[in-house]
Amino acid sequence: MSKINFLKPDKENLNTFLYLGSFLFVISVIDVFLNSFFSLNITGFLPSSLSFIIPIILGFIGLHFIRIEQSGYKFLDQVNKNINTNNFNAILSLLIIFIIIKATPPILSWFVVDASFAGDSKDVCSGTGACWTYIKVWFRRFMYGMYPNAEQWRINLSFIALALLGSVGYFATEKFKKYLTLYYVVIYPFIAFLFIFFFISGGPVFFDFSYGIIAAVISIIIGFFIPGRFKFYYFIFVPITLYIALKYFIFYEELIELGKLDGLNWVETGAWGGLSLTFIISFFCLIFCFPIGMAFALGRRSDFPLIRYISIGFIEFWRGVPLITVLFMSAVMFPMFLPEDFFIDKLVRAIIAISLFEAAYVAEVIRGGLQALPRGQYEAAKSLGMGYWKMHIFVILPQALKLVIPGIANTFLALVKDTPLIFVVGLLEIVGMLNLAKTNPEWLGFAMEGYVFAAIIFWIICYAMSKYSYNLEQKYKTER
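Conventions and cut-offs
Residues numbered from 1 in each chain as written. Predicted model: local features only at pLDDT ≥ 70, side-chain atom pairs only at ≥ 80, totals over all residues. Heavy atoms only, no water. Phe/Tyr/Trp six-rings, centres within 6.5 Å; stacked < 30°, edge-to-face > 60°. Helix = DSSP H or I, 4+ residues; strand = E, 2+ residues; numbered from the N terminus. Buried < 20%, exposed > 50% of the residue type's maximum accessible area, 1.4 Å probe, protein only. Lys NZ or Arg CZ within 6 Å of the ring centre and 35° of its normal. Contact = heavy atoms within 4.5 Å. Polar contact = N/O pair within 3.5 Å; in protein donor to acceptor, adjacent residues only side chain to side chain. 1 Å grid on protein atoms, 1.4 Å probe; cavity = no way out; pocket = protein on both sides within 12 Å on 5 of 7 lines; lining within 4 Å. Points joined across faces, edges and corners; volume = space filled by probe spheres on them. Nonpolar A, V, L, I, M, F, W, Y, C, P; charged D, E, K, R; others polar. Axes fitted to C-alpha atoms, helices over the stretch in contact; angles between N-to-C directions. Parallel < 35°, antiparallel > 145°, perpendicular 65-115°, else oblique. Left-handed = near helix turned anticlockwise from the far one by under 90°. Disulfide = S-S within 2.5 Å.

A. Focus on the packing of aromatic side chains. With the rule as written, the count across this model stands at 23 aromatic pairs. A centroid spacing of 6.0 Å and a plane angle of 35 degrees characterise the contact between F142 and F453, whose relative ring orientation is tilted. Placement of F142 in helix α5 (residues 132–144) and of F453 in helix α19 (residues 447–475) is noted, with a sequence separation of 311 residues between them. Aromatic side chains F296 and F314 sit 3.9 Å apart centroid to centroid with 5 degrees between the ring planes, which places their arrangement in the stacked category. Here F296 is found in helix α11 (residues 274–300), whereas its partner F314 is found in helix α12 (residues 305–319), with 18 residues between them in sequence. Its relative accessible area of 14% is what places F314 among the buried residues. Each member of the aromatic cluster is reached from another via a ring pair, and the members are Y134, F139, F142, W443, F446 and F453. A cation over a ring is seen here: R308 above Y309, with NZ or CZ 5.2 Å from the ring centre. In this arrangement the basic side chain of R375 is found over the ring face of Y378, its NZ or CZ atom lying 5.1 Å from the centre.

In structure tokens, the structure reads:
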């Protein structure tokens, strides 16, 4: 063993520094852990101020001893690389570790240990922990709003069916993936509208018309998986056969009354609410704002002054006003300009308002991607004889959209988190229902549980969207 210099740990005395540093670091963590979980202070014999900083001093010295470059131990090198590169980072790492340890006992106590889960009334929530009974009792309202309990199966059925249809892309073979864009941009939103209009609202659908739509949609979906040599005969016979089967054998006359299926009662949009309404608004706004934003992004870069100035005016107008103002205008002012016999549902007005508002932000994000492309891409496409639309569809937009995936995902996340503002038009999604529930005289004082529940729901949704966008980035990443 060579001479030890404690101010400058070296590789020659690696084991000595490693054992000593690990011991001091573990002692500091154990001290904070025992103090936090068991109120046991092993340095309690010292003055309080010194006892408070002793774990930080021990941990800091411990991390200093184990900070040895290229030690040969993979785990130690990873620790030094990530949390112990210098003295400042070592202090920050210790503070973060100690804060997490300190915060864990009260959080666990409130969330689990002292929380109330059983029962159906406020009386069981007499402890100091969270009252999850409150969430259990109001769960249906948080999920479905004021939608009738007996009809909530229609929302479940619609969402399950749409989730299954939305997962078609994961099972499509390479041969049919080229049709997925058409499916997700045109066919899938149309199917979603039918489910929401027919099942969730119980809208009056004329069946001779709806039979044709259902037959066409199902035929197109199945048609993706039909071998090419049979497609001609398939699209001649299958839609007609399916139409006849739906009209005369599945939904036969005895089940039809006045153009409606029995049992599908009309439920006005004012009764919709909760998390299901959050999904509905987010889904349609995401679908509508993206193509509108793309069109205005292209329009702002157009060589035609009229198109360019209209695009600039649209983008700057919607970016210059708050969303809550836009929703208020759509709810109060917009109906005043409509003919007396013309009515647009307030949910539709809210979706249009949010879509236009977010489209302005999407347009600017996409414009950033368009400007990031080198001029040579445009000139190369033109040299191949491509026109404006062909050049943008096949050359420019695929590259530009790939560059702005993080920006688009950021805009979509903001859109989802802006949905609680629809309370302005009298619609109550999950946060609106929480605000309604907390004013109930029988459940006063449990707002915290409601907001924590909503925060967890929104975090799950946003984290899933964030991970999906990250996977898209990795999938389409190219070396530049």
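B. Representation of helix α18 (residues 430–438) within the structure. Listing the buried residues of α18 in full gives I430, V431, G432, M433, L434 and A437. On the buried face of α18, the contacting elements are α5, α11, β3 (428–429) and α19. N-cap assignment for α18: the residue whose side-chain oxygen lies 3.1 Å from the backbone N of V431 is E429.

C. Region of interest: empty space enclosed by the protein. As enumerated under the stated definition, the model contains 2 cavities of 30 Å³ or more in all. Its boundaries defined by the atoms lining it, the second largest cavity holds a volume of some 30 Å³. For the lining of the second largest cavity, the element with the highest residue contribution is α11, accounting for 3 residues. Along the lines of polarity and charge, the residues of the lining of the second largest cavity split into 7 nonpolar, 2 polar and no charged.

D. The arrangement of the packing of helix α1 (residues 14–38) against helix α4 (residues 87–113) in detail. Put simply, α1 and α4 touch, their axes get as near as 8 Å, and they point 25 degrees apart. With respect to α4, the axis of α1 lies roughly parallel. Between α1 and α4 lies a crossing whose hand is right-handed. Residue-level contacts link F25, S28, V29, V32, F33, N35, S36 and F37 of α1 to L94, I97, F98, I101, K102, T104 and P105 of α4. Class assignment for the residues of the contact of α1 with α4 results in 10 nonpolar, 4 polar and 1 charged.

E. Focus on the state of the cysteines. If you walk through the whole model with that rule in mind, you get 1 disulfide. One disulfide in the model links C125 with C131; its S-S distance is 1.8 Å. Across the S-S bond linking C125 and C131, the dihedral sits near 45 degrees, which makes this disulfide right-handed. An identical accessibility class is assigned to C125 and C131; each is buried. Here C285 is not disulfide-linked; the sulfur of C289 is the nearest cysteine sulfur, at 7.2 Å. Classification of C285 as buried rests on a relative accessible area of 0%.

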